[in-house]
Number of protein chains: 2
Amino acid sequence: MSKKLTKRSEDYSKWYNELVVKANLAENSGVRGMMVIKPYGYAIWEKMQAELDKMFKETGHENAYFPLLIPKSYFSKEASHVDGFAKECAVVTHYRLKTSEDGKEIVVDESAKLEEELIIRPTSETIIWDSYRKWIQSYRDLPLLINQWANVVRWEMRTRLFLRTAEFLWQEGHTAHATREEAVEEAKKMQGVYANFAENFMAMPVIKGEKSENERFAGALNTYTIEALMQDGKALQAGTSHFLGQNFAKAFDVKYATKEGKQEYVWATSWGVSTRLMGALVMTHSDDYGLVLPPKLAPIQLVIVPIHRTDEQLEEINKKVEEITIALRKKDILVKYDNRTTHKPGWKFAEYELKGVPLRIAIGPRDLENNTVELARRDTLTKETVSIDNIAKKSKNLLEEIQNNIFKKALDFRDELITEVNDFEEFKEVLENKGGFVSAHWDGTSETEDQIKKLTKATIRCIPLDVKEEEGVCVLTKEKSSKRVLFAKAY
Amino acid sequence: MSKKLTKRSEDYSKWYNELVVKANLAENSGVRGMMVIKPYGYAIWEKMQAELDKMFKETGHENAYFPLLIPKSYFSKEASHVDGFAKECAVVTHYRLKTSEDGKEIVVDESAKLEEELIIRPTSETIIWDSYRKWIQSYRDLPLLINQWANVVRWEMRTRLFLRTAEFLWQEGHTAHATREEAVEEAKKMQGVYANFAENFMAMPVIKGEKSENERFAGALNTYTIEALMQDGKALQAGTSHFLGQNFAKAFDVKYATKEGKQEYVWATSWGVSTRLMGALVMTHSDDYGLVLPPKLAPIQLVIVPIHRTDEQLEEINKKVEEITIALRKKDILVKYDNRTTHKPGWKFAEYELKGVPLRIAIGPRDLENNTVELARRDTLTKETVSIDNIAKKSKNLLEEIQNNIFKKALDFRDELITEVNDFEEFKEVLENKGGFVSAHWDGTSETEDQIKKLTKATIRCIPLDVKEEEGVCVLTKEKSSKRVLFAKAY
């Protein structure tokens, strides 16, 4: 398979699909809309999981696991929730197969029909709150701070690797609190954790904000979001955290005894990020040569490629590389030495560029003589000859620099693509030709939001947390407005 | 809820069920046969996962993720596999729900029927080998060493928490090799990894052996197993590793080009352990007071409980405990300080006994004066007064001692319950009254094995790897036999 990618400027969407497959991140499976996450892609996801899990535990959360299948009737208990979710679910109706009478195939055993259909979880609020009723009795049981790592299924019609798949992996936090204030604080705190992870590990700048009513999670009173911007100027919702009020507590009858002995419904939050972040990671940093990975999430941070003609030269290089590797590992750098003789150096250079390995060392006989190596950066595609003596320290510093540099680059790009507009012609023009976030006044109604979406395909991505109070008029209706919100076309 | 457990001697099965629930490991959910793994239980499972995952990676395996749902037709491709698995599966037939016409409930949307039913994976050989066809072209792509952490569903009729549940969590390794020898070696190697994990982390002695044909995995040419013995004298299959020959390669047409350019089918293995290990862990070590956890898998290794009457005393104790905690953490001991004033020391003692925390420190005003603490061991239920000065070193050593002691205890118990018998009356008598493994000659036929199972409920657990050649006659048929095998009643 050729490693050459379609250029982003030619066809961004095609570039993305090719890159995900060629870099061995994921591929489509024989099951409609479901992907296979390949080892290299999964290794990146594992690093994301590890960091997020640590952050969740540091903020007091524990992991647990709830059933994959949810009785259909559970979904009916929270009215707004069922409207938002029940439509696109995988439904289990039978629990047995049998060999057909002619013995040639297997068929569903019609006698093994479930009395009540089971739904593969599209999200777990209902099954979890059914447990919380048993777990929560008194104020001493609160707050209850639980997270689950799980797979979920949503029967999406149009799917794309990582960005929208019928099955995806995610984590879902579900917490219960004694007071409204505490639950709101939790929802905001987890939005903060997500923003911290996105910016400091994925090197992906995000805007923290609240969703408009239209874009809220089904069953939430408020949804806090982090919104990122991809290189094609489209926004991507990277994580959401919901304040659920007492909706689920009431639907599943979860009450607690206060210190004074009164019975009260508890307050809830839920929050999640998914393998969609993998898509966001790819689209934020990568270029026409392949992936560009932030060092903090790269399964291989530095690859070493020997350049040699003879076996003797390779042996000499191997010896030197062993020293170098020890020094690098002492600094906790994830190193790979690729001295396969089945592939040429040029092939390897292209391969590790495609895979986004942040640093590459090439070392040949001349380098041995000079006690140097050639050190190449993936982010800038620059090379320099450096001494072996302080290669570990140099590499460590460069990894940090790359992490900062790609964040800065993405931030500059993003900031350049936030445009304030004041009338609807300009709104359309910017959306059409420049892309990115359009900062505009909005009259606060769902009708206007719907209308704008119909006319431009843009939705309100969020009402930024740091929004300034500002007199203005709605970009569409000219009704009065007190603040700007961010519109964009989105993934 | 009372913390008192039914005694093991009264009703072992009831003791187990109560313990799992009261120690907050797991509980039944509203979905038939599916459990909720509660935070404390999940924390133990996470430690198991982390150790196993490390071992898999150290032996060259990478993680990946394959779809939850498998097209029905995939199961028909490997004939013996479908017989073994297709019977007890959750079948997805529809992909949408809708609100009923009266608007009162949600119903399956009959217009959203799948053309081909999808099965929730009971195991993933078929979907994985469907991918391997694309991944494997040449000898350079081999060996392919992949593991997956996943949930699976098997529609079990009689379920018990952890031991047999309709959904469970597990890992499944799936490897492909160029030669038969290499695949057999891989299968045996992973059996060794499992035995190492069982004995050195779970402190659970296991017998390594091969399964008889009757007990093999559906589609395997050979199944390597590790068999443990529970305190009620019943055996438990704790992990299996299968040599699959070329069955799946042929069913899914997975060939590779040899160095010489010939096309050959690849050779396969698969291997797995599951949350069933949680049940084995509980039943191997625990007692009438609750869990006994091996220190290497205990989420809390040492708990500190203050004994005080006044707030001033508690403050003094808090200060001292801070010092102690720092010293303990320096030795990587997982410490919890429970200074809640809502619960009495006696309640806490019982609670942490129930939860199997290996070491407990109690500290009161008199201890402060004497620079001592009371140190209690969970495994032996003994206590001693020790100086605070070298408490960290002492605790570290004790944790090691406990790990070794509970393994030794389980090993002695297990060895005591391996009984050689030479005729069928003795066979039945030992099974009925003593329990454990019965070591007996067997004529090697499935018919005899079936007959013995019918008469005694015992199955061949394994043909031990270290079996000695020995002339003898089958315990049932008196046919000639060259070695003893192990029978037992099993979970």
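Residues numbered from 1 in each chain as written. Chains lettered and ligands numbered in written order. Predicted model: local features only at pLDDT ≥ 70, side-chain atom pairs only at ≥ 80, totals over all residues.

Undergrad: Any chance you could explain the overall build of chain A here in plain terms?
TA: Scanning chain A for helices and strands turns up 14 helices and 27 strands. Principal-axis analysis of the C-alpha atoms gives chain A an extent of 80 × 70 × 55 Å. Taking all 491 residues of chain A together, 48% fall into the buried category. (Helix = DSSP H or I, 4+ residues; strand = E, 2+ residues; numbered from the N terminus. Buried ≥ 20, exposed ≤ 12 C-beta atoms within 10 Å, placed from the backbone.)

Undergrad: Any chance you could explain the nonpolar core here in plain terms?
TA: As a rule of thumb, soluble globular proteins bury nonpolar side chains together. In terms of nonpolar packing, the biggest core is built from 289 residues, with A198 of chain A together with A198 and A228 of chain B touching the most fellow members. Setting aside residues no more than four positions away along its own chain, A198 of chain A makes contact with M204, V206, I226, A228 and A238 of chain A. (Core = buried A, V, L, I, M, F, W, Y, C linked by C-beta atoms within 7 Å. Contact = placed C-beta atoms within 7 Å.)

Undergrad: Help me out: how do you make sense of the pairing of strand β16 (residues 267–274) of chain B in this one?
TA: In the case of a regular strand, side chains alternate between the two sheet surfaces. Residue and element names in this part refer to chain B. Summarising burial for β16: seven of the eight residues are buried, a large majority. Inspection of the sheet shows strand β10 (residues 167–177) paired to β16 by eight bridges, in the antiparallel sense. Bridging across to β16, T175 finds its partner in T269. As defined by bridge partners, strand β13 (residues 235–245) adjoins β16 across five bridges and the pair is classed as antiparallel. From the neighbouring strand, T240 faces β16, where its bridge partner is G272. (Pairing = 2+ DSSP bridges.)

Undergrad: Help me out: how do you make sense of the relation of the copies chain B and chain A in this one?
TA: The two chain copies are connected by a rotation around an axis plus a translation along it. Between the two copies, chain B and chain A, the superposition gives an RMSD of 0.0 Å; the rotation angle is 180° and the shift along the axis is 0.0 Å. Taken together, the rotation angle and the small translation identify this as a two-fold axis. Within chain B, V92 of chain B has its C-alpha nearest the rotation axis, a separation of 2.1 Å. Take the interface residues of chain B: 98% of them recur as interface residues in chain A, which is what a same-surface contact looks like. (Least-squares fit on C-alpha atoms with pLDDT ≥ 70 in both.)

Undergrad: Just to check I follow, could you spell out the packing of helix α9 (residues 311–330) of chain B against helix α12 (residues 391–416) of chain B for this structure?
TA: Helix-helix packing: each pair is described by the crossing angle between the helix axes and the interaxial distance. Residues and elements named next belong to chain B. Remark: α9 packs on α12, axes separated minimally by 8 Å, with the N-to-C direction vectors making an angle of 45°. As judged from the angle between their axes, α9 and α12 are oblique. The handedness of the crossing between α9 and α12 is right-handed. Side by side, α9 and α12 meet where I324, A327, L328 and K330 of the first sit next to I391, A392 and S395 of the second. Residues that form the contact of α9 with α12 fall into these classes: five nonpolar, one polar and one charged. (Axes fitted to C-alpha atoms, helices over the stretch in contact; angles between N-to-C directions. Parallel < 35°, antiparallel > 145°, perpendicular 65-115°, else oblique. Left-handed = near helix turned anticlockwise from the far one by under 90°. Nonpolar A, V, L, I, M, F, W, Y, C, P; charged D, E, K, R; others polar.)

Undergrad: Help me understand the interface of chain B and chain A, please; the structure alone is not making it clear to me.
TA: Size of an interface, as often reported, equals the accessible area lost when the parts are brought together. If you look at the interface, chain B gives 52 residues, while chain A gives 51 residues. Here the residues of the side of chain B that touches chain A sort into 31 nonpolar, nine polar and 12 charged. Examined bridge by bridge, strand β5 (residues 91–94) of chain A and strand β5 (residues 91–94) of chain B share three bridges and lie antiparallel to one another. Directly across from H94 of chain A, in β5 of chain B, lies its bridge partner V91 of chain B.

Undergrad: Got a minute to help me understand helix α13 (residues 424–434) of chain A in this structure?
TA: Side chains that are three or four residues apart share a direction in an α-helix, a result of its 3.6 residues per turn. All names here are of chain A. Turning to α13, its buried residues number three or more, namely F427, V430 and L431. End-on view of α13: buried residues confined to an arc of 95°, all on one side of the axis. Relative to its buried face, α13 has exposed residues pointing more than 90 degrees away, namely E425, E432 and N433. Tucked into the core, α13 has its buried residues touching β22 (418–420), β23 (437–441) and α14 (446–456). Looking at the residues trailing α13, positive phi occurs at G435, about 80°. (Arc of directions from axis to C-beta.)

Undergrad: Explain the sheet that holds strand β17 (residues 302–306) of chain A here, please?
TA: What holds strands together in a sheet is hydrogen bonding between their backbones, with the strands either parallel or antiparallel. Residues and elements named next belong to chain A. The sheet built from five strands is open, its strands ordered β18-β17-β19-β20-β21 with mixed pairing. Each of the sheet's edge strands pairs with one partner strand only, and the pair in question is β18 (335–337) and β21 (383–387). Neighbour to neighbour, the strand axes of the sheet diverge by 25° on average, direction disregarded. By the bridge criterion, three bridges tie β17 to β18 in an arrangement that is parallel. Along β18, the bridge assignment pairs V303 with K336. Sheet strands touched by helix α10 (residues 345–354): β17 and β19 (359–363). Its angle to β17, the strand with the most contacts, is close to 170°.

Undergrad: Any chance you could explain the pairing of strand β21 (residues 383–387) of chain B here in plain terms?
TA: All names here are of chain B. Burial runs low along β21: only zero of the five residues are buried. In the sheet, strand β20 (residues 372–377) pairs with β21 via five bridges, with the strands oriented antiparallel. If you follow T372 over to β21, its bridge partner there is S387.

Undergrad: What is the right way to look at the domain arrangement of chain A in this model?
TA: All names here are of chain A. Per the domain assignment, the segments making up chain A are domain 1 (12–285), domain 2 (295–402) and domain 3 (418–488). Here the C-alpha centre of domain 2 lies 40 Å away from the C-alpha centre of domain 1. Sort the elements by how many residues they give to the side of domain 1 that touches domain 2 and helix α2 (residues 39–58) lands first, with five residues. Grouping the amino acids of the side of domain 1 that touches domain 2 by side-chain chemistry returns seven nonpolar, no polar and two charged. (Domains from an automatic or database assignment.)

Undergrad: Can you walk me through the sheet that holds strand β3 (residues 62–63) of chain A in this structure?
TA: Residues and elements named next belong to chain A. Strand order in this open sheet of 11 strands is β3-β9-β10-β16-β13-β12-β11-β24-β27-β23-β22, and the pairing throughout is mixed. The outermost strands of the open sheet, each flanked by one partner alone, are β3 and β22. Pairing geometry for β3 and strand β9 (residues 144–153), over two bridges, is parallel. Within β9, the residue paired with E62 across the bridge is I146.

Undergrad: I keep staring at unusual backbone geometry and nothing clicks. Help me out?
TA: What is expected of a backbone is that most residues other than glycine have negative phi and most peptide bonds are trans. All names here are of chain A. A cis amide bond links L142 to the next residue, P143, at an omega of -10°. Following the sequence through the fold, P143 ends up in the loop between α5 (125–135) and β9. Its identity is not glycine, yet D253 carries a phi of approximately 55°, on the positive side. Tracing the backbone shows D253 in the loop between α7 (247–251) and β14 (255–257). Non-glycine residue K478 carries a positive phi angle of around 65°. For K478, a count of 13 C-beta atoms within 10 Å translates into the label partly exposed.

Undergrad: Would you take a moment to explain the environment of G435 of chain A for this structure?
TA: Residue and element names in this part refer to chain A. Relative to the helices and strands, G435 is located in the loop between α13 and β23. Judged by C-beta crowding, with 19 C-beta atoms within 10 Å, G435 ranks as partly exposed. Counting along the chain gives 17 residues from G435 to I418, while the straight-line C-alpha distance between them is 8.7 Å. Not counting residues within four places of it along the chain, the set of residues in contact with G435 comprises D232, G233, K234 and L417.

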